[in-house]
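Structure assessment
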Amino acid sequence: GNSVTQMEGPVTLSEEAFLTINCTYTATGYPSLFWYVQYPGEGLQLLLKATKADDKGSNKGFEATYRKETTSFHLEKGSVQVSDSAVYFCALSEGGSGAGSYQLTFGKGTKLSVIP
Amino acid sequence: DSGVTQTPKHLITATGQRVTLRCSPRSGDLSVYWYQQSLDQGLQFLIQYYNGEERAKGNILERFSAQQFPDLHSELNLSSLELGDSALYFCASSVATFHSSGRNEQFFGPGTRLTVL
């Protein structure tokens, strides 16, 4: 079955530091890949996505490139801010049984804390 | 605000009881997904409904059931509750039509925190 493995946290960085959160996946076909972010006490928000190999998703300074050869989708940001403190989830979606069954398979999440 | 609403926000109940969680999808979205977030299992897909019909099942216990009504809102019913059912339950919605490319973004609600004592 499908699975997502992401680096365990927590990760603590100083403001303006470079961020990398590693994510690798296992899938039977050609999934879409996502990064979701969960701020304290809130639901999940889509941060960025990529739907095919070599696509780069980007949003709010975050980037991730869909690498089929290494089955990876690492999240990066050049300069983190305190407001980026949250839990980040890597996820994949692959068409399941029948049209419209695109449930997400999530990694375990990485908690990021950015200190001033 | 994602446009997906969930009620109640918090629910505290006792073992053996039954509860119902409610979700209203974004306007125009036909698909509703339910996910469970717990400390030990992480985020797990439970079940999906599309336009009133069950579309896919994940790691959903037999004690749990769901349905989607004609107005597209969905309810997740949890019965014979156990301590281990304590978790955050998220609902998400997407357009997910038969003619979609299959890359539909899911929009998540704020979740219902269930505590079983």
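Residues numbered from 1 in each chain as written. Chains lettered and ligands numbered in written order. Predicted model: local features only at pLDDT ≥ 70, side-chain atom pairs only at ≥ 80, totals over all residues. Heavy atoms only, no water.

1. Structural notes on the sheet that holds strand S7 (residues 64–68) of chain B
The strands making up a sheet associate through hydrogen bonds between their backbones, and the pairing can be parallel or antiparallel. Residues and elements named next belong to chain B. Note the following rule: Should DSSP find at least two bridges between two strands, the strands are taken to pair. Starting at the N terminus, helices and strands are each numbered in turn, a helix being any DSSP run of H or I of at least four residues and a strand any DSSP run of E of at least two. Axis definition: a line fitted to C-alpha atoms, over the contacting stretch in the case of helices. Angles run 0 to 180 degrees between N-to-C directions.
Across the sheet, which stays open at both edges, the four strands sit in the order S1-S3-S8-S7 with antiparallel pairing between neighbours. Looking at the sheet topology across the chains shown, the edges are occupied by strand S1 (5–7) and S7. Along the sheet, successive strands turn relative to each other by an average axial angle of 15°, direction set aside.

2. Some details on the side chain of Gln68 of chain B
Residue and element names in this part refer to chain B. Convention followed: Relative accessibility thresholds used throughout: buried, under 20% of the residue-type maximum; exposed, over 50%; partly exposed, between the two (1.4 Å probe, protein chains only). Polar contact criterion, stated in full: a pair of N or O atoms within 3.5 Å, where within protein one must be able to donate a hydrogen and the other to accept it, and residues adjacent in sequence count only if both atoms are side-chain atoms.
One can find Gln68 in strand S7. Residue class for Gln68 comes out buried when judged on its relative accessible area of 7%. Here the side chain of Gln68 touches Leu30 through a polar contact of 3.2 Å, landing on its backbone oxygen. Reaching out from Gln68, the side chain makes a polar contact with the backbone nitrogen of Gly52 at a distance of 2.8 Å.

3. Focus: the sheet that holds strand S9 (residues 75–77) of chain A
All names here are of chain A. Taken in spatial order, the four strands make up an open sheet running S3-S9-S8-S7, and their pairing is antiparallel. Strands with a single pairing partner mark the edges of an open sheet, and in this sheet they are strand S3 (19–21) and strand S7 (56–59). Across the sheet, the axes of successive neighbouring strands diverge by a mean angle of 15°, strand direction being ignored. Alignment of S3 against S9, held across three bridges, turns out to be antiparallel. Across the sheet, the residue bridging to Ile21 is Leu75, located in S9.

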